[in-house]
Amino acid sequence: MVAHKPDMTDVHKISLKGVAYHTKWVSLTKAILVLLGLILILVLLVLPNIDQGKKRVSLISPMINKVFPLINKMTNPRFMGITSANYPYDIQAVSAVRIDNGNFDVEGITADVTLSKSLLMQAVADKGHIYAEKKAIELMGHVDILLSNGLEFRTEQVHIDMDSGTAYGQQPVEVQNAMGTLYAKGFMFNKEAKNVDFTGPVKLVFYPQKKD
C-alpha cells in the first residue's frame, strides 16, 4: 500500500484563514472597547457640570441639544439653575419628554424655588411644561403651592416665572393660612409687590381664634 503524502499547501491555507478570522475578531473587539472608553469619558465630563453652580442651567438646553440630540424621553429628570437675581431653583419630575429645544412635557413635577432671601416656594403638580430657556414652568392637574410665609394655594393651573419671581393662575383657587381660607377665581403673586392679587368673586372664611 502506498502512503499518500499530505498536501501541506492546503494545511497552510486553512491555517492562514483561521489566523485572518482571529485577527479581524481582535480588531473588532478593540474598536468596541475604544468606543466604550470614549462614551465613559464623555459621561465623566458631563456629570460634574450638573452640580457646578451657575453651570447647572447649561445642561438644560445647550448641552442636551448638542451632546444628547437623540434623547427625547427621560426618567426621574432633574433641572437645576440660577435666576437672574442669583437665586437657585430645583425641578424634579417622574418623567419628561422633550418637545423641542429646552421645552419639556413632564409628569409628577416638584419645584423648589427661592424667590427672595426670605421667601421660598415649593410647588407640586400632576403634570406640566418646563420652559428651560425662559426659566418658567406651567403646572397643571392637582397643583399645590406652599410659600414659606405660611400661605398654601390649591388650584388646577399655575404659571411660574422663576426669573421674575411671579406666579399666576386663571383657575379657581383655594388659599389657606392659620387665619382662614380664601376662595377666588384666580390669582397673581409678585415677589416685588410682596402681596397676592385675587380675581373675584372672592370669599373669605375665618377660623375661630383661641383666646388667651
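A brief report on the enclosed structure follows. All values reported here derive from a predicted model rather than from experimental measurement.

Conventions and cut-offs
Residues numbered from 1 in each chain as written. Predicted model: local features only at pLDDT ≥ 70, side-chain atom pairs only at ≥ 80, totals over all residues. Heavy atoms only, no water. Patch = residues over 30% accessible without salt bridge, like charges linked within 9 Å, V, L, I, M, F, W, Y side chains within 5 Å. Areas by Shrake-Rupley, 256 points an atom, 1.4 Å probe, with all protein chains shown as cover. Salt bridge = Lys/Arg side-chain N within 4 Å of Asp/Glu carboxyl O. Helix = DSSP H or I, 4+ residues; strand = E, 2+ residues; numbered from the N terminus. Core = buried A, V, L, I, M, F, W, Y, C linked by side-chain atoms within 4.5 Å. Buried < 20%, exposed > 50% of the residue type's maximum accessible area, 1.4 Å probe, protein only. Contact = heavy atoms within 4.5 Å. Polar contact = N/O pair within 3.5 Å; in protein donor to acceptor, adjacent residues only side chain to side chain. Phe/Tyr/Trp six-rings, centres within 6.5 Å; stacked < 30°, edge-to-face > 60°.

1. A word on a nonpolar patch on the surface
At step 1: A cluster of nonpolar side chains, namely Ile-32, Leu-33, Leu-35, Leu-36 and Ile-39, defines an oily patch on the protein surface of about 490 Å² accessible area.
At step 2: Its location among the elements puts Leu-35 in helix 1 (residues 8-46).

2. Notes on the nonpolar core
At step 1: Membership of the largest hydrophobic core comes to 36 residues, with the highest contact counts inside it found for Ile-91, Ile-130, Ile-145, Leu-147, Phe-153 and Ile-160.
At step 2: Those elements that place two or more of their residues in this core are strand 3 (88-100), strand 4 (103-116), strand 5 (119-131), strand 6 (136-147), strand 7 (152-161), strand 9 (173-176), strand 10 (180-184) and strand 11 (186-190).
At step 3: Residue contributions to this core peak at six residues, all from strand 4.
At step 4: Dropping the residues within four chain positions of it, Ile-130 is found in contact with Phe-79, Ile-91, Gly-102, Asn-103, Phe-104, Val-106, Ile-109, Ala-136 and Ile-137.

3. Digging into the pattern of salt bridges
At step 1: On inspection of all chains with the given rule, the structure shows four salt bridges.
At step 2: For Asp-144, the salt bridge goes to Arg-154, with nearest N and O atoms at 4.0 Å. With Asp-144 in strand 6 and Arg-154 in strand 7, this residue pair connects regions lying 10 residues apart in the sequence.
At step 3: Given the relative accessible area of 27%, Asp-144 is considered partly exposed.
At step 4: Judged by relative accessible area, which is 34%, Arg-154 ranks as partly exposed.
At step 5: Here the salt bridges do not stand alone but share partners, grouping Asp-144, Glu-152, Arg-154 and Glu-174 into one network.

4. Describing the side chain of Asp-90
At step 1: Mapped onto the elements of the fold, Asp-90 is located in strand 3.
At step 2: At a separation of 2.6 Å, a polar atom in the side chain of Asp-90 contacts the side chain of Arg-78.
At step 3: Excluding residues that lie within four positions of it along the chain, Asp-90 makes contacts with Arg-78, Phe-79, Met-80, Thr-110, Ala-111 and Asp-112.

5. Quick notes on unusual backbone geometry
At step 1: Gly-200 connects to Pro-201 through a cis peptide bond whose omega is 0°.
At step 2: Structurally, Pro-201 can be placed in the loop between strand 12 (195-199) and strand 13 (203-206).
At step 3: The backbone phi angle of Asn-76 is positive, close to 50°, even though this residue is not glycine.
At step 4: Mapped onto the fold, Asn-76 is located in the loop between strand 1 (73-75) and strand 2 (78-82).
At step 5: Looking at Asn-76, the relative accessible area reads 57%, which means it is exposed.

6. Some remarks on the environment of Thr-110
At step 1: Tracing the backbone shows Thr-110 in strand 4.
At step 2: Given the relative accessible area of 27%, Thr-110 is considered partly exposed.
At step 3: Along the sequence, Thr-110 and Val-94 sit 16 residues apart, while their C-alpha atoms lie 9.1 Å from each other.
At step 4: Here Thr-110 is in contact with Asp-90, Ile-91, Gln-92, Gln-122, Ala-123 and Val-124, once residues within four sequence places are set aside.

7. What to know about the environment of Val-106
At step 1: Of note, Val-106 is situated in strand 4.
At step 2: The class for Val-106 is buried, based on a relative accessible area of 1%.
At step 3: Look past the residues within four positions of Val-106 in its chain and what remains in contact with it is Ala-93, Ser-95, Ala-96, Lys-127, Gly-128, His-129 and Ile-130.

8. A word on the packing of aromatic side chains
When we look at a pair of aromatic rings, we describe it by the centre distance and by the angle of the planes.
At step 1: Applying the stated criterion across every chain, the model contains two aromatic pairs.
At step 2: Summarising the aromatic geometry, the rings of Phe-79 and Phe-104 are spaced 5.0 Å apart at their centres and angled 50° between planes, so their arrangement reads as tilted. With Phe-79 in strand 2 and Phe-104 in strand 4, this residue pair connects regions lying 25 residues apart in the sequence. An identical accessibility class is assigned to Phe-79 and Phe-104; each is buried.
At step 3: When the centroid spacing of 5.0 Å and the interplanar angle of 35° are considered together, the rings of Phe-153 and Phe-187 count as tilted. A residue pair is termed long-range when its members are at least 10 positions apart, and Phe-153 in strand 7 and Phe-187 in strand 11 qualify at 34 residues. Grouping residues by exposure puts Phe-153 and Phe-187 together as buried.

Take it as geometry only, folks, not as evidence of what the structure does.
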